[in-house]
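A structural walkthrough
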Amino acid sequence: MDASVVVTAIESPTGDQIAQLAVLFDDYRVHHGELPDIAQSSAWLQENIGGGALNVFVAKIDGDLVGFATIVRTPASLRLGHYWQIRDLFVPPRWRRTGIARALLARVRQEAEAAGALRLALQTEEDNAAALRLYRTSGFVEVEGLNSLVMSLPPAT
């Protein structure tokens, strides 16, 4: 890992932090096939981070934003606790294979443990070999015997 990678949590984002993150977040969305919309990305981030629904960790090198991870804290009803789920993890292609994603994962794990989370979860596509390799070598294991199901709903009017 590059020693100059600094990972921090964004808890009460400033307008400048949201604007900077929105550019990278929009790149992430485009990477996954969505149309670019920095204004909407910015508004969505402000609503979800500012409203407490989403926690964000950012990685910087020399002050430049080079990656992020978004986290949701989810109640674990049977164990009467909570777990953290990594919803998004993104490092732009030019910064990949430099240790940034590992630094993000390590910081998220550290913070989850400190918060008393029972586990740290994530999901990715089964054909995302690079991500799966990263996650497996970072200590994540596949869950056997569970299926992931989803129901699409019509857009709100």
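Heads up: these notes are all about the structure in this document. (Residues numbered from 1 in each chain as written. Predicted model: local features only at pLDDT ≥ 70, side-chain atom pairs only at ≥ 80, totals over all residues. Heavy atoms only, no water.)

1. Describing the packing of aromatic side chains
Note the cut-off: Aromatic pairing here means that ring centres of Phe, Tyr or Trp (its six-membered ring) are within 6.5 Å. Orientation follows from the plane angle: under 30 degrees is stacked, over 60 is edge-to-face, and everything else is tilted. Note on conventions: DSSP H or I runs of at least 4 residues are helices, E runs of at least 2 residues are strands, and numbering of each starts at the N terminus. Exposure is judged per residue with a 1.4 Å probe applied to protein chains only, and the accessible area is read against the type maximum: over 50% gives exposed, under 20% gives buried, and values in between give partly exposed.
Counted according to the given criterion, the structure contains eight aromatic pairs. Seen from their ring centres, Tyr 28 and Phe 68 are 5.5 Å apart, and the 85° between their planes marks the pair as edge-to-face. You can see Tyr 28 sitting in helix H1 (residues 15-31) and its partner Phe 68 sitting in strand S3 (residues 64-76), a full 40 residues away along the chain. Judged on exposure class, the residue Tyr 28 and its partner Phe 68 are both buried. Consider the rings of Phe 57 and Trp 84, whose centres lie 6.4 Å apart with planes at 40°: the pair is tilted.

2. Some points on the pairing of S3
Just so we agree on the cut-off: Only strands joined by at least two bridges in the DSSP assignment are considered to pair.
Across seven bridges, strand S2 (residues 55-61) lies against S3 in antiparallel orientation. Its bridge partner lying in S3, Ile 61 is registered against Asp 64. Counted along the chain from S2 to the antiparallel partner S3, the turn is two residues long, and its residue Asp 62 has a positive phi close to 50°. Pairing between S3 and strand S4 (residues 81-90): nine bridges, direction antiparallel. Looking across to S4, one finds that Ala 76 is bridged to Gly 81.

3. Thoughts on the nonpolar core
Note the cut-off: The term nonpolar core refers to a set of buried residues drawn from Ala, Val, Leu, Ile, Met, Phe, Trp, Tyr and Cys, joined through side-chain atoms within 4.5 Å. In this description, contact between two residues means that some pair of their heavy atoms is separated by no more than 4.5 Å.
Membership of the largest hydrophobic core comes to 24 residues, with the highest contact counts inside it found for Leu 89, Ile 100 and Leu 104. When contributions to this core are tallied by element, the ones reaching two or more residues are strand S1 (5-10), S2, S3, S4, helix H3 (100-114) and helix H4 (129-137). When residues of this core are assigned to their parent elements, the largest contribution, seven residues, is made by H3. Every residue in contact with Ile 100, bar those within four places of it in the chain, is listed here: Val 5, Ala 59, Ile 61, Val 66, Gly 67, Val 91 and Trp 95. Judged by nonpolar contacts, the second largest core, of 16 residues, contains Leu 21, Leu 45, Val 56 and Val 58.

4. Concerning the sheet that holds S2
Put simply, the rule reads: Axis angles are defined between N-to-C directions and span 0 to 180 degrees, where every axis is a line fitted to C-alpha atoms and, for a helix, only to the segment in contact.
Here we have five strands laid out as an open sheet, ordered S1-S2-S3-S4-S5, and mixed in their pairing. The open sheet has two edge strands with one neighbour each: S1 and strand S5 (120-122). Taken pair by pair, the neighbouring strands of this sheet meet at an average axis angle of 30°, ignoring direction. Here S4 runs beside S5; their pairing, made up of three bridges, is parallel. Its bridge partner being in S5, Gln 85 is matched across the sheet by Ala 121. Docked against the sheet, H1 engages S1, S2, S3 and S4, running at close to 85° with respect to S3.

Interpretation in functional terms is not warranted from these geometric data alone.
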